[in-house]
Amino acid sequence: MHRFAFVIHPIDVKRDAARKYPIARYLPESWVESLLKRKEPMVVSKITGVRSITGVETEGWFIGCPLSPRMMLSLPLDFVYQKIIRCGQIAQELGAEIIGLGAFTSVVGDGGITIAKNLEIAVTTGNSYTVATAIEAAVEGARRMGIAMEEATVAVVGATGSIGRTCAEALAPVAERILLLGRDASRLEPIAAQLRERARGSVGVSTDISRDLPAADVVITVTSAVDAVIYPKDLKVGAVVVDVARPRDVSVRVARERDDVLVIEGGLVAVPGEVDFGFDFGFPPRTAYACMSETMMLALEGRIENFTLGKEVSLTQVEQTQQMARKHGFRLAGFRSFERAITEEEIEQIRQRAESRRRTAQTPVQA
């Protein structure tokens, strides 16, 4: 049996820290972060029951890195690296052969390359399977909302990142228009130029979400922002949004104010077997993020190697994770929106409301 580990860390400092230290919910966030900074990485739980449909099994551990996204962006990079490397060393001591970097630990610095150089075990960010599931969720969400991808404008928010760029690359031959959004036009333009060589339709770039995102029928958003970047006014009636980012990119206001758009939490996967994660991160039983699932699949497959590292993800890697997922029985979990399951009936209601509002908007006003 090949064993794995996966690094997790607090996303919402007060809420997540309070799961282990209840007093944290009563303290100022800055105090909680100050306390976390002094803590050492630690074993959070043991993961058992991961069993492939081929019969192969694996087990592993969640290793907790006591840094929030804001802390990882503001503290000295060497300090952050030391914390993540220590997580890997703990995994080594436990007997893990490969470790996955979760959430911001896969984003900070050079995307896991430095971490891998300082460990004796293999490292992956899990971004390849994250791309695969984001694309699958976008296509399936569009289908359920009655959107034809070949007639759609697909926007990728955070298109200069490894996940966003590869999502755009995969969907460019399919969509009528690709819109790349980011903070730096000079970094977006070279990506757009490469995509135009294989795109079915036009490829545009923008640094202005509020101006240009409302034109998108389908949105994949995967920035490394600490706070929300997409608000109710930014979305087209009937749009599908796949939010892959953690912390999420889509403001919770969208859930309250826009009942005519479908927002999906990207990268959620049903894991095969009678899985016990030993830790409640708010998902239904046997459900995990795609990045976690990539780490498990590599262990099941016996591919003890650095798999997805750095700031680029290739379509070949994406396809390989899809093949491993089919082989071992990993699949896209049912849709979730703002941390709750969303039913087929609710999706149909969203679609009908969107159609009704589009018709109303098109009806001429009588003099």
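Everything discussed here concerns the structure shown above.
Definitions and cut-offs
- Residues numbered from 1 in each chain as written.
- Predicted model: local features only at pLDDT ≥ 70, side-chain atom pairs only at ≥ 80, totals over all residues.
- Heavy atoms only, no water.
- Helix = DSSP H or I, 4+ residues; strand = E, 2+ residues; numbered from the N terminus.
- Rg over C-alpha atoms; globule rule 2.2 N^0.38 Å.
- Buried < 20%, exposed > 50% of the residue type's maximum accessible area, 1.4 Å probe, protein only.
- Lys, Arg positive; Asp, Glu negative; His and termini not counted.
- Charge placed at Lys NZ, Arg CZ, Asp CG, Glu CD.
- Axes fitted to C-alpha atoms, helices over the stretch in contact; angles between N-to-C directions.
- Parallel < 35°, antiparallel > 145°, perpendicular 65-115°, else oblique.
- Left-handed = near helix turned anticlockwise from the far one by under 90°.
- Contact = heavy atoms within 4.5 Å.
- Nonpolar A, V, L, I, M, F, W, Y, C, P; charged D, E, K, R; others polar.
- Expected span 1.5 Å × (residues − 1).
- Arc of directions from axis to C-beta.
- Salt bridge = Lys/Arg side-chain N within 4 Å of Asp/Glu carboxyl O.
- Polar contact = N/O pair within 3.5 Å; in protein donor to acceptor, adjacent residues only side chain to side chain.

1. Some words on the overall build of the protein
In terms of helices and strands, the protein carries 13 helices and 16 strands. By the compact-globule yardstick of 21 Å for 367 residues, the protein fits well, its C-alpha radius of gyration being 20 Å. Expressed along its principal axes, the backbone C-alpha trace of the protein runs to roughly 75 × 45 × 45 Å. With 367 residues in all, the protein has 53% of them scored as buried. In the protein, 45 positive and 46 negative side-chain charges are present, and the distance between their average locations comes to 3 Å.

2. Details of the packing of helix H6 (residues 127-144) against helix H11 (residues 290-301)
To describe two helices that pack against each other, one gives the angle between their axes and the distance between the axes. It is the contact of H6 with H11, at a shortest axis distance of 7 Å, that shows an interaxial angle of 125°. What the angle tells us is that H6 and H11 run oblique. By crossing handedness, the relation of H6 to H11 is classed as right-handed. In this structure, H6 uses Asn127, Ser128, Tyr129, Thr130 and Thr133 to contact H11, whose residues at the interface are Ala290, Cys291, Ser293, Glu294 and Met297. Counted by class, the contact of H6 with H11 contains four nonpolar, five polar and one charged residues.

3. Comments concerning helix H13 (residues 344-362)
Compared with an ideal rise of 1.5 Å per residue, which puts 19 residues at 27 Å, H13 spans 27 Å between its outermost C-alpha atoms and is within 8% of the ideal. Listed as buried for H13 are Ile347, Ile350, Arg351 and Ala354. Within H13, the buried residues cover an arc of 95° as seen down the axis, which keeps them to one side. Turned more than 90 degrees away from the buried face of H13 sit Glu345, Arg359 and Thr360, all of them exposed. Buried residues along H13 sit in contact with H6 and strand E11 (262-265).

4. Remarks on helix H2 (residues 29-38)
Regarding H2, the residues found buried are Val32, Glu33 and Leu36. For H2, the arc enclosing every buried residue in end-on projection is 100°, short of the 170-degree limit, so these residues lie on one face. When the buried face of H2 is taken as reference, the exposed residues oriented beyond 90 degrees from it are Trp31, Leu35 and Arg38.

5. A few points about the side chain of Asp249
Mapped onto the elements, Asp249 comes out in the loop between strand E10 (240-243) and helix H10 (253-257). This buried residue, Asp249, is left without a salt bridge; Arg246 holds the nearest opposite charge, at 7.9 Å. In this structure Asp249 touches Thr221, Val222, Thr223, Ala225, Ala228, Val229, Ile230 and Asp243, once residues within four positions along its chain are discounted.

6. Brief notes about the side chain of Glu59
By the secondary structure assignment, Glu59 is in strand E3 (residues 57-64). Given the relative accessible area of 14%, Glu59 is considered buried. One polar contact links Glu59 to Arg3, side chain to side chain, over a distance of 2.7 Å. With near-sequence residues (within four places) excluded, Glu59 lies in contact with Met1, His2, Arg3, Phe4, Lys46, Ile47 and Thr48.

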